Amino acid sequence: MHTVAVFGAAGKVGARVVDKLQDDPELELLCVEAGEAGLSALRERGLEPTEQAEAIERAGTIVLAIPDTIIGAVASEIVPQLESGTMVMLLDPAAARAGQLPEREDVAYFVVHPCHPPFASDEMSPEARSDYWGGTAKQSIVCALMQGTEDDYAKGERLARKMFAPILDAHRITVEQMAILEPAMAETVILTCMSVIKESVEEAIRHGVPRQVAYDFALGHMRVTLGMLFNFIDAEASDGAKLAMRRGKEAIMQSDWKKVFEPENVMEQVRAIVEGGEGE
């Protein structure tokens, strides 16, 4: 039986991971938390906390479901104590890409991140259709082996599939590619653009459009636009809409906005995440 220790087991992400793993007959699950609030939250869910020292001694895999800003400090404390062959799994690429993990050749570093349920899917149940995070609805995941053997990758992917089930696909990429996806693409670009969309809806309301009308119009147009742009439907925007889009890009976006994907800019975004600030 493989022993997995989840650090941050009472947190938002850690709790989801624990929910998926706690009844797996192939795993022994250890839940690690720091602070009375986390310990109490575990006990309220009927889970007995494990001391960090015991988890380090017993676990074959350590899952760091903790904030990016403290991964470096926690990893520096626990990795030197791990048995040779132990796997350390991260749920975000920032700390790994920023060089926050201690150098130790005889442990494996594996990074996984969920894609979340896709816009277009075949989900039928109301519960799955209303699941935006994953865990009920099917989703894909991205996986990267930062260091280790092919057996380590296979072990990491098997566990990752359990943690984020049900799974559509597990895509193997590099840590560098994962950092391009997040933060650069998903947060720096997509989250920013989506927040501007939300602000535009509020502007329409401020200029007199009834709130429900603005919401219905925006969400409906977002759906059909995504369908056209990502080729889910065989259609394209009208000539007038394309003209408005070109004018909008000139008015709203910097002409060199794609520089956020350049390696030095991706690294700046990653460092800002792990340092908990704006970066340089």
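A quick note: this is a predicted structure, and the numbers were derived from the prediction, not measured.

The rules behind each value
Residues numbered from 1 in each chain as written. Predicted model: local features only at pLDDT ≥ 70, side-chain atom pairs only at ≥ 80, totals over all residues. Heavy atoms only, no water. Helix = DSSP H or I, 4+ residues; strand = E, 2+ residues; numbered from the N terminus. Buried < 20%, exposed > 50% of the residue type's maximum accessible area, 1.4 Å probe, protein only. Areas by Shrake-Rupley, 256 points an atom, 1.4 Å probe, with all protein chains shown as cover. Lys, Arg positive; Asp, Glu negative; His and termini not counted. Salt bridge = Lys/Arg side-chain N within 4 Å of Asp/Glu carboxyl O. Polar contact = N/O pair within 3.5 Å; in protein donor to acceptor, adjacent residues only side chain to side chain. Contact = heavy atoms within 4.5 Å. Pairing = 2+ DSSP bridges. Axes fitted to C-alpha atoms, helices over the stretch in contact; angles between N-to-C directions. Right-handed = clockwise from strand over helix to strand, strands pointing away. Phe/Tyr/Trp six-rings, centres within 6.5 Å; stacked < 30°, edge-to-face > 60°. Lys NZ or Arg CZ within 6 Å of the ring centre and 35° of its normal.

**Brief notes about the overall build of the protein**
- When helices and strands are tallied, the protein shows 11 helices and seven strands.
- When its C-alpha atoms are laid out on the principal axes, the protein stretches across 65 × 45 × 35 Å.
- Here the protein, with 280 residues, has 38% of them falling under the buried criterion.
- Accessible surface for the protein amounts to roughly 16,300 Å². Of this, 55% is attributable to carbon and sulfur atoms.

**Regarding the side chain of Asp131**
- Among the structural elements, Asp131 can be located in the loop between helix H6 (126-129) and strand E6 (139-147).
- Here Asp131 occupies a buried position and makes no salt bridge, while the nearest side chain of opposite charge, Arg16, is found at 7.1 Å.
- Of the polar contacts made by the side chain of Asp131, one reaches the backbone nitrogen of Thr136; its length is 2.9 Å.
- Leaving out residues up to four positions away in the same chain, Asp131 has contacts with Pro117, Thr136 and Ala137.

**Things to note about the sheet that holds strand E7 (residues 167-172)**
- Here seven strands make up an open sheet; going across it, the order is E2-E1-E3-E4-E5-E6-E7 and the pairing mixed. Sheet topology places strand E2 (27-32) and E7 at the edges, where each strand pairs with a single neighbour. This sheet shows a mean twist of 25 degrees between the axes of neighbouring strands, independent of strand direction.
- Note that strand E1 (residues 2-7) and E2 share six bridges and pair parallel.

**Notes on the environment of Phe164**
- One can find Phe164 in the loop between helix H7 (150-163) and E7.
- Residue Phe164 is classed as buried on the basis of its relative accessible area of 9%.
- Remark: the alpha-carbon pair of Phe164 and Val112, spanning 52 residues in sequence, is separated by 9.7 Å.

**What about the pairing of E1?**
- The buried fraction of E1 amounts to five of the six residues, a majority that puts the element mostly inside the structure.
- Taking the sense of rotation as the criterion, the β-α-β connection linking E1, helix H1 (residues 12-21) and E2 turns out right-handed.

**Quick notes on the packing of aromatic side chains**
- For the structure on display, the rule yields three aromatic pairs.
- Centroid distance Phe110 to Tyr153: 5.6 Å. Interplanar angle 45 degrees. Geometry classified as tilted. Taken together, the residues span a long stretch of sequence, with Phe110 in strand E5 (residues 108-114) and Tyr153 in helix H7 at a distance of 43 residues. Each of the two residues, Phe110 as well as Tyr153, counts as buried.
- Ring plane angle 45 degrees and centroid distance 5.7 Å describe the contact between Phe119 and Phe232, whose orientation is recorded as tilted. Here the residue Phe119 occupies a position in the loop between E5 and H6, and Phe232 occupies one in the loop between helix H9 (211-229) and helix H10 (239-252), the gap between them amounting to 113 residues.
- Relative accessible area serves as the criterion here: at 39%, Phe119 is assigned to the partly exposed category.
- According to the relative accessible area criterion, Phe232 is partly exposed, its value standing at 47%.
- Each residue in the set Phe119, Phe230 and Phe232 is aromatic and connected to the rest through ring pairs, giving one cluster.
- We note Arg16 situated over the ring of Trp133; from NZ or CZ to the ring centre the distance is 5.0 Å.

**Observations regarding the pattern of salt bridges**
- The tally for this structure, following the rule as stated, stands at 15 salt bridges.
- For Glu123, the salt bridge is made with Lys138, and the minimal N-O distance between the two is 3.3 Å. With Glu123 in the loop between E5 and H6 and Lys138 in the loop between H6 and E6, this residue pair connects regions lying 15 residues apart in the sequence.
- Judged by relative accessible area, which is 27%, Lys138 ranks as partly exposed.

**Concerning unusual backbone geometry**
- That bond from Ala165 to Pro166 is cis: its omega, 0 degrees, falls within 30 degrees of zero.
- Its place among the elements puts Pro166 in the loop between H7 and E7.
- In this structure, His116 takes a positive phi of about 75 degrees despite not being glycine.
- With respect to the helices and strands, the residue His116 is situated in the loop between E5 and H6.

Geometric values such as these leave the question of function open.
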